[in-house]
Structure formats: structure tokens, C-alpha cells
Amino acid sequence: MDTTPAFIFLNGNATIIHEAGQPFVDPGSSWIDTGDGNGTVQGLGDLNVSKLGEYELVYSYIDQSNNPSDSIIRKVQVVDTIGAQLQLVGDQNVTTEAGFPYVDQGATWVDAVDGNGTVVGTGIVDVNTLGSFTLSYDYTDSNGNAASTVTRTVTVVDTT
């Protein structure tokens with residue numbers, strides 16, 4: 001009669017720091033049992049890779065003789081360390097006619113935690129002055145991660 005439970009241990013670290021919005025692949029745990037041999041088991045728990053926080057995955061195994069192993073726990077910390085991605089709407093280099101209003105198309109941002117939206121450029125395009133003007137677009141997500149700045153050059157010309 002087998003009365004000895006399986007020995008269970010984590011594959012990988014007991015604490016995993018995981019970037020929000022990225023797929024999580026559970027390294028699982030392994031078990032060894034004198035009667036059943038060995039194998040792997042996946043953790044049970046509610047892990048939401050879109051929501052920051054600490055989550056627990058619980059691992060256990062019951063052998064063929066109904067001997068439950070001790071449960072072991074892995075902590076997964078979902079963090080946000082990556083800034084949003086900015087993208088210009090329209091071209092990076094724009095030419096506009098002097099004396100006519102310039103309407104900028106702006107830029108958009110996408111972030112694994114914050115979602116997406118529109119960002120307004122900073123800078124001025126003086127349509128009464130010939131030359132090049134630079135508009136800059138920046139966004140910082142709710143966790144303080146700054147996106148890489150994108151810029152648009154607007155050249156005011158007189159062709160009429």
C-alpha cells in the first residue's frame with residue numbers, strides 16, 4: 001500500500017516578474033513519486049497580465065493512491081516598465097502653403113496597460129513665415145513610463 005505523497009518542486013523561480021500585456025508562459029512544477037514516476041503540473045490561480053499586481057499560482061499533485069502532495073506557490077508580479085508606443089498620423093515631413101491655416105494630424109499612442117489615445121504636438125507652425133518648424137509628440141503612461149518622442153517637420157513654402 002502506497003501512503004507516501006509525491007514530492008513536488010517548482011520549475012524556475014518562486015517569484016517571477018512579468019511585463020504587463022505580454023503572454024505568460026507558466027514554467028510549471030515537477031513531481032516525483034515512488035509509485036507513479038514523475039511528471040509536470042501547471043499552476044492554478046487567477047493571473048491577469050493586463051492588470052498590475054501580485055498573483056499566486058498554486059501547484060499540487062495527487063498520486064494514483066490518492067496521496068496529495070504539499071502545495072507549493074509561485075508569486076507572479078505583473079509590472080509595467082515599458083512606455084507607450086507613439087506613431088504619427090500622416091507623414092513625418094509635411095509641406096504647407098504660406099498664408100493658409102495648417103491643421104496638424106497629431107499622433108496616437110498605444111500602451112499595454114493604459115490602452116490607446118491621441119496626443120497633441122507641442123510647437124508652433126507659423127504659416128506666415130517661410131521655413132521649417134518642428135512639432136514634438138510625447139506621452140507618459142500612468143506608471144510614469146515615458147514614450148520615445150516622435151517629431152514632425154512642417155515646411156512652410158510660397159509657391160503661389
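Our structure's up above, just so we're on the same page.
Because the structure is predicted, anything quoted here is derived from the model rather than measured.

Asks: For the overall build of the protein chain, give the residues involved together with the corresponding values.
Replies: Across its full length, the protein chain holds zero helices and 12 strands. Mapped in sequence order, the helices and strands of the protein chain form the string β-β-β-β-β-β-β-β-β-β-β-β. On C-alpha atoms alone, the protein chain measures out to a radius of gyration of 28 Å, which is more than a quarter above the 15 Å that the 2.2 N^0.38 rule sets for 160 residues. Seen along its three principal axes, the alpha-carbon backbone of the protein chain occupies a region of about 100 × 20 × 20 Å. The burial tally for the protein chain puts 33% of its 160 residues in the buried class. Summarising the internal contacts of the protein chain: among those between residues at least 6 apart in sequence, 56% fall at separations of at least 24.

Asks: I'd like a rundown of the packing of aromatic side chains, residues and numbers included.
Replies: Applying the stated criterion across every chain, the model contains three aromatic pairs. Ring centres of Trp31 and Tyr61 lie 3.8 Å apart, and the angle between their planes is 10°; this geometry places the pair in the stacked category. Of the two residues, Trp31 sits in strand β3 (residues 29-33) while Tyr61 sits in the loop between β5 (53-59) and β6 (72-79), which places them 30 residues apart along the sequence. Ring geometry for Trp109 against Tyr139: centres 4.0 Å apart, planes inclined by 10°, an arrangement best described as stacked. With Trp109 in strand β9 (residues 107-111) and Tyr139 in the loop between β11 (131-137) and β12 (150-157), this pair connects stretches of sequence that are 30 residues apart. The pair Trp109 / Tyr139 is uniform in exposure class, with both members buried.

Asks: Describe the side chain of Asp63, listing the residues and the values that go with them.
Replies: For Asp63, the location among the structural elements is in the loop between β5 and β6. Side-chain polar atoms of Asp63 contact the backbone nitrogen of Asn67, separated by 2.8 Å. Apart from the residues lying within four places of it in its own chain, the contact partners of Asp63 are Asp2, Thr4, Pro5, Ala6, Asp33 and Asp36.

Asks: Residues and numbers for the side chain of Asp80, please.
Replies: Among the structural elements, Asp80 can be located in the loop between β6 and β7 (85-88). A polar atom in the side chain of Asp80 sits 2.9 Å from the side chain of Asn143. Residues contacting Asp80, with those up to four places away along its chain left out, are Glu19, Leu52, Asp111, Val113, Asp141, Asn143 and Asn145.

What counts, and where the lines are drawn
Residues numbered from 1 in each chain as written. Predicted model: local features only at pLDDT ≥ 70, side-chain atom pairs only at ≥ 80, totals over all residues. Heavy atoms only, no water. Helix = DSSP H or I, 4+ residues; strand = E, 2+ residues; numbered from the N terminus. Rg over C-alpha atoms; globule rule 2.2 N^0.38 Å. Buried < 20%, exposed > 50% of the residue type's maximum accessible area, 1.4 Å probe, protein only. Contact = heavy atoms within 4.5 Å. Phe/Tyr/Trp six-rings, centres within 6.5 Å; stacked < 30°, edge-to-face > 60°. Polar contact = N/O pair within 3.5 Å; in protein donor to acceptor, adjacent residues only side chain to side chain.

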